[in-house]
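# Residue-level structure breakdown
If you want the building blocks of each chain, they are given just below.
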Amino acid sequence: MSGSGGKGGGRGGLHVRVKTAKRRSVSSTRWLQRQLNDPYVRRAQAEGYRSRAAYKLIELDEKFGFLKKARAVVDLGITPGGWSQVVRKANPRARVAGIDLLHCEPIEGVEILEMDFMDDAAPDALIEALGSAPDLVISDMAANTVGHQQTDHLRTIGLAETAADFAVQNLVPGGAFVAKVFAGGADRELLTVLKQNFTTVKHAKPPASRKGSPELYVIAQGFKGRGDRQGDQSIE
Ligand SMILES: C[S@@+](CC[C@H](N)C(=O)[O-])C[C@H]1O[C@@H](n2cnc3c(N)ncnc32)[C@H](O)[C@@H]1O
């Protein structure tokens, strides 16, 4: 790896050029170079966030304002923990329960379950860990990519649909749901469910989400409660 005084890198840092190493593939060299020169990665390191993804939630919240009043939050796909850190920083009294297939280092005020969200036992385990019904469900879950774009897309949409179902079954009235989806149109069913159950449903791509990635977020606010599914609907 070598530093050069060239342009790029953001925030005035040096642009880092990564030399190919014998045991590193071209694609992982490219990944490493992108990480080292990504201004959000640098910012996350400087500001103590565990992931650059933290800034996606910060930017979504700046636009939609769902964090300030959140008191009981479920974080689906919590690891390494950036989103939960953001929740706790925005609202230090918020209780959080998170779940991931992968281990997540402890975060103060956050109950962490290391299990598959698709497991039948996961919803009850999350509610028990939280100690109450949530007023915000956030999901940054992404299926492990297999390299086939349509398959990756469908698997991530499957996770988002299950997350939406969990939100609809458990949120308190007025609650909100934020989830990662992929641009590409196969999420009609998800949108139908959300439009039936929330007052407003919008899509957004925060600046921290890489331009080349099909990733997008859906933000559903004003949960109508389980008895009242009619009323205004808006979608962008
Ligand atoms: C993009 S990362 C989340 C990053 C996190 N929001 C942050 O800011 O640190 C997506 C996570 O979803 C998790 N995930 C994918 N499928 C899952 C499943 N079925 N159950 C639980 N977690 C899952 C992955 O293990 C991965 O850690």
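Every value quoted in this text rests on a predicted model; they were computed, and no experiment measured them.

## Thoughts on the site of the ligand
Surveying the vicinity of the ligand reveals 20 residues, the closest of which are Ser 51, Gly 82, Asp 100, Asp 116 and Asp 140. Measuring from an oxygen atom of the ligand, one finds a backbone N or O atom of Trp 83 at 3.1 Å. At 2.9 Å from a nitrogen atom of the ligand is found a main-chain nitrogen or oxygen belonging to Phe 117. Contact with the protein chains removes 87% of the 610 Å² of surface that the ligand exposes when unbound. Looking at side-chain class alone, the shell around the ligand contains 12 nonpolar, five polar and three charged residues.

## Quick notes on the packing of aromatic side chains
For any pair of aromatic rings, the description rests on two quantities: the centre-to-centre distance and the angle between the ring planes. For the structure shown, the criterion picks out five aromatic pairs. Aromatic pair Phe 117 and Phe 166: ring centres 5.9 Å apart, planes at 85°, arrangement edge-to-face. Here the residue Phe 117 occupies a position in the loop between β5 (110-114) and α5 (122-130), and Phe 166 occupies one in helix α6 (residues 149-170), the gap between them amounting to 49 residues. For the pair formed by Phe 117 and Phe 166, the shared burial category is buried. Taking the centre distance of 5.3 Å and the plane angle of 50° together, the rings of Phe 198 and Phe 223 count as tilted. Of the two residues, Phe 198 is situated in strand β8 (residues 198-204) and Phe 223 in strand β9 (residues 215-223); the sequence distance between them amounts to 25 residues. Cluster of aromatic residues (ring-pair linked, three or more members): Tyr 40, Tyr 49 and Tyr 55.

## Topic: the packing of helix α3 (residues 54-64) against helix α4 (residues 82-90)
The contact between α3 and α4 brings their axes to 7 Å, and the two run at 40°. Regarding the angle of α3 to α4, the classification is oblique. Here α3 and α4 pass one another in a crossing that is right-handed. Residues Ala 54, Leu 57 and Ile 58 of α3 lie in contact with α4, whose contacting residues are Gly 82, Trp 83, Val 86 and Val 87. When its residues are assigned to classes, the contact of α3 with α4 shows six nonpolar, one polar and no charged.

## Section: the side chain of Asp 135
Counting through the fold element by element, Asp 135 comes out in the loop between α5 and β6 (136-139). Nearest to the buried, unbridged Asp 135 among oppositely charged side chains is Arg 71, at 6.3 Å.

Conventions adopted
- Residues numbered from 1 in each chain as written.
- Predicted model: local features only at pLDDT ≥ 70, side-chain atom pairs only at ≥ 80, totals over all residues.
- Heavy atoms only, no water.
- Near = heavy atom within 4 Å.
- Polar contact = N/O pair within 3.5 Å; in protein donor to acceptor, adjacent residues only side chain to side chain.
- Areas by Shrake-Rupley, 256 points an atom, 1.4 Å probe, with all protein chains shown as cover.
- Nonpolar A, V, L, I, M, F, W, Y, C, P; charged D, E, K, R; others polar.
- Phe/Tyr/Trp six-rings, centres within 6.5 Å; stacked < 30°, edge-to-face > 60°.
- Helix = DSSP H or I, 4+ residues; strand = E, 2+ residues; numbered from the N terminus.
- Buried < 20%, exposed > 50% of the residue type's maximum accessible area, 1.4 Å probe, protein only.
- Axes fitted to C-alpha atoms, helices over the stretch in contact; angles between N-to-C directions.
- Parallel < 35°, antiparallel > 145°, perpendicular 65-115°, else oblique.
- Left-handed = near helix turned anticlockwise from the far one by under 90°.
- Contact = heavy atoms within 4.5 Å.
- Lys, Arg positive; Asp, Glu negative; His and termini not counted.
- Salt bridge = Lys/Arg side-chain N within 4 Å of Asp/Glu carboxyl O.

As far as function goes, none of this settles anything; it's purely spatial.
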